[in-house]
Amino acid sequence: MNAVMDTPEQYRPLSPEDLAARLAPVAAVAKRVGQDPAGWTVSEVGDGNLNLVFIVEGPQGTVVVKQALPYVRLVGDSWPLPLYRAFFENHALLRQEQRDPGSVPAIYHFDEEQALIVMEYIAPHKILRRKLIDGEQVAGLGEFLGKFCARTAFRGSELSMKSADKKQDVSLFAGNIEIPAITEALVFTDPYHEAEMNHHTDGLEPVVSALRSDARLKAKVQRLLMKFASNTETMVHGDLHSGSIMSTDTQTRVIDPEFVQYGPMGFDIGMLLANFLMAYFSQPAHRGAGELAGYQEWLLSVITETVGAFEDEFKQLWQTERTGMLYPGALFEDQGHHSADACDELLAEIMTDAMGFCGIEMHRRTLSLAHNADFEEIEDKALKAKLEARNLHMGAQLIREAGSFGSINDVLALARKINTEDIL
Ligand code: SR1
Ligand code: MG
């Protein structure tokens, strides 16, 4: 082991220059790309916050190679981060593929020592965040993502799994400590005080200081952090933002589950909705007047579609795959009692949590370390602050009123209202 956490001596980060020589002996790579590494073209395309990502092209095909670095790429080696996140990502991808077949990239090879996954090259898909900034629509986006969230939530829980299997899985993923700790700090805590790595746009100070002085709001956020850290309802992706999704104009896949853990069912869908709302609030900086209203309404329609598909799919699985120890047929159907109300109540609780998680994600992307391109690409800083202020205000309302929205339509009505307001 060397000084940087648990990094094995044999671990070496790849480079475009040495990747072909190092991966040529890996049969799974040669089989898909071509036997002769001299014919491979390698490029490093990682633009995320943590890892190296290479595209390896050859005469027979293309693969993606993702390798963990022993530190946070965004910050540098002053912030060490264990390589074992690749192990958990590998296991998460295997489970997501089982729970929602075809939703994630296929894995061709995993090398634990090198913290490296060779996986399917997803093409011609683009990162969804880029498409949303560019004003592109994706048919069936909400349907796909709502089903993904419902299937992974339901099939990763004791509504469906055998308890022994689920408990073993909880224990396996409980080893992923430092990665969820990033979320616990950057997402749930840092936005609400003057943390070292925070930064925000000039001009937002009045909104930021109002948030940080609101003890009731901070208590609600801490309650959600408590759920995030201690509620093991299901296996969550853990970082389901629009940079963890790739789409064409008609097809969508989910990538990058290294923040996997067992957590609350509302977490993934809440984070996801936040990213649609941030796309919505940032649009006035990206679209001309002729396209703006139509595109913003399309984004809201994706939210409606996502929530609708999530609830419909969850109810369907409730009827057909409720084979775990929770809400057993023995207590309901076998005694002539419908369980549909119980399912509705559970879904309402999940959506209440989701609204809170959604508001928190909206806050952290504007106030904490890792901001998103939706706002960061806005050059006019006064406009950026104005739009971010709406985003912060909406986030706060979602956290404060999480349980009071009658339906997702009420949330969208609030977004439309705040989208016209001058918060600063
Ligand atoms: C230091 S890592 C910052 C962020 O990047 C990841 O994608 C997660 O969203 C994390 O919070
Ligand atoms: Mg990621």
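As the structure is a prediction and not an experimental result, all values here were calculated from the model. Residue positions are counted from 1 within each chain, in the order its sequence is given. For naming, the first written chain is A and the first written ligand is 1, with later ones following in the order written. At least 70 in pLDDT is required for a residue's local features to be given in this predicted model, at least 80 for side-chain atom pairs to be given and counted, and no such filter applies to totals for whole chains, interfaces and linings, which use all residues. Note: side-chain values were computed over all heavy atoms of the structure, leaving out hydrogens and water.

Regarding the overall build of the chain
Going by this rule: Working definition: helices are DSSP H or I runs of at least four residues, strands are E runs of at least two. Numbering for both runs from the N terminus. Only C-alpha atoms enter the radius of gyration, while the globule expectation follows 2.2 Å times N to the 0.38, with N the number of residues. Accessible area is worked out with a 1.4 Å probe on protein chains only. A residue is then buried under 20% of its type maximum, exposed over 50%, and partly exposed in between.
Of the regular secondary structure elements, the chain holds 15 helices and 12 strands. The C-alpha atoms of the chain give 22 Å as radius of gyration, which agrees with the globular expectation for 424 residues (22 Å, within 12%). On the principal axes, the C-alpha backbone points of the chain span a range of 65 × 60 × 45 Å. When the 424 residues of the chain are sorted by exposure, 55% land in the buried category.

What about a nonpolar patch on the surface?
Filter applied, for reference: Like-charged residues are merged into a patch within 9 Å and nonpolar side chains (Val, Leu, Ile, Met, Phe, Trp, Tyr) within 5 Å, provided each residue has over 30% relative accessible area and no salt bridge. Calculation of accessible area relied on Shrake-Rupley with a 1.4 Å probe; when residues are assessed, cover is drawn exclusively from the protein chains displayed. When a carboxyl oxygen of Asp or Glu lies within 4 Å of a side-chain nitrogen of Lys or Arg, that pair is called a salt bridge.
A contiguous nonpolar patch, built from Leu74, Val75 and Met197 and spanning about 210 Å² of accessible area, is present on the exposed surface. Here Val75 is to be found in the loop between β4 (71-72) and β5 (76-80).

Digging into unusual backbone geometry
Cis geometry is found at the peptide bond from Ala123 to Pro124, where omega equals 10°. Its location among the elements puts Pro124 in the loop between β7 (116-120) and β8 (126-127). At Ala115, a residue that is not glycine, the phi angle is positive and equals roughly 50°. Looking at where Ala115 falls in the secondary structure, it is placed in the loop between β6 (107-111) and β7. One non-glycine residue with positive phi stands out, namely Tyr327, at about 50°. Under the relative-accessibility criterion, Tyr327 is labelled partly exposed at 29%.

Considering the pairing of β5
Within a regular strand, side chains alternate between the sheet's two faces. We apply this condition: Whether two strands pair depends on DSSP finding at least two bridges between them.
Here β4 runs beside β5; their pairing, made up of 2 bridges, is antiparallel. Across the sheet, residue Val72 finds its bridge partner in β5, namely Gly76. With antiparallel pairing between neighbouring strands as the criterion, β4 and β5 make up a hairpin whose turn holds 3 residues.

Some points on the pairing of β6
Both β6 and β7 contribute to a ladder of 4 bridges, which runs antiparallel. The residue bridging Ile107 from the neighbouring strand is Met119, located in β7. With antiparallel pairing between neighbouring strands as the criterion, β6 and β7 make up a hairpin whose turn holds 4 residues, including Ala115 at a positive phi of roughly 50°.

Quick look at the domain arrangement of the chain
To be explicit about the condition: Annotation comment: domain bounds sourced from an automatic or database domain assignment. Two N or O atoms form a polar contact when they lie within 3.5 Å of each other; inside protein one atom must be a possible hydrogen donor and the other a possible acceptor, and for residues adjacent in sequence the pair counts only when both atoms belong to side chains. Under this grouping Gly is polar, as are all residues other than the nonpolar Ala, Val, Leu, Ile, Met, Phe, Trp, Tyr, Cys and Pro and the charged Asp, Glu, Lys and Arg.
Here the chain is partitioned into domain 1 (19-120) and domain 2 (126-418). For domain 1 and domain 2, the distance between their C-alpha centres works out to 27 Å. Our enumeration of links across domain 1 and domain 2 arrives at 7 salt bridges. When the shortest N-O distance is used, the salt bridge between Glu258 and Arg85 registers 3.5 Å. Inspection of the region where domain 1 meets domain 2 yields 13 residue pairs in polar contact (both at pLDDT 80 or more). No other element matches helix α3 (residues 85-99), which puts 10 residues into the side of domain 1 that touches domain 2. When grouped by side-chain class, the residues that make up the side of domain 1 that touches domain 2 number 14 nonpolar, 6 polar and 7 charged.

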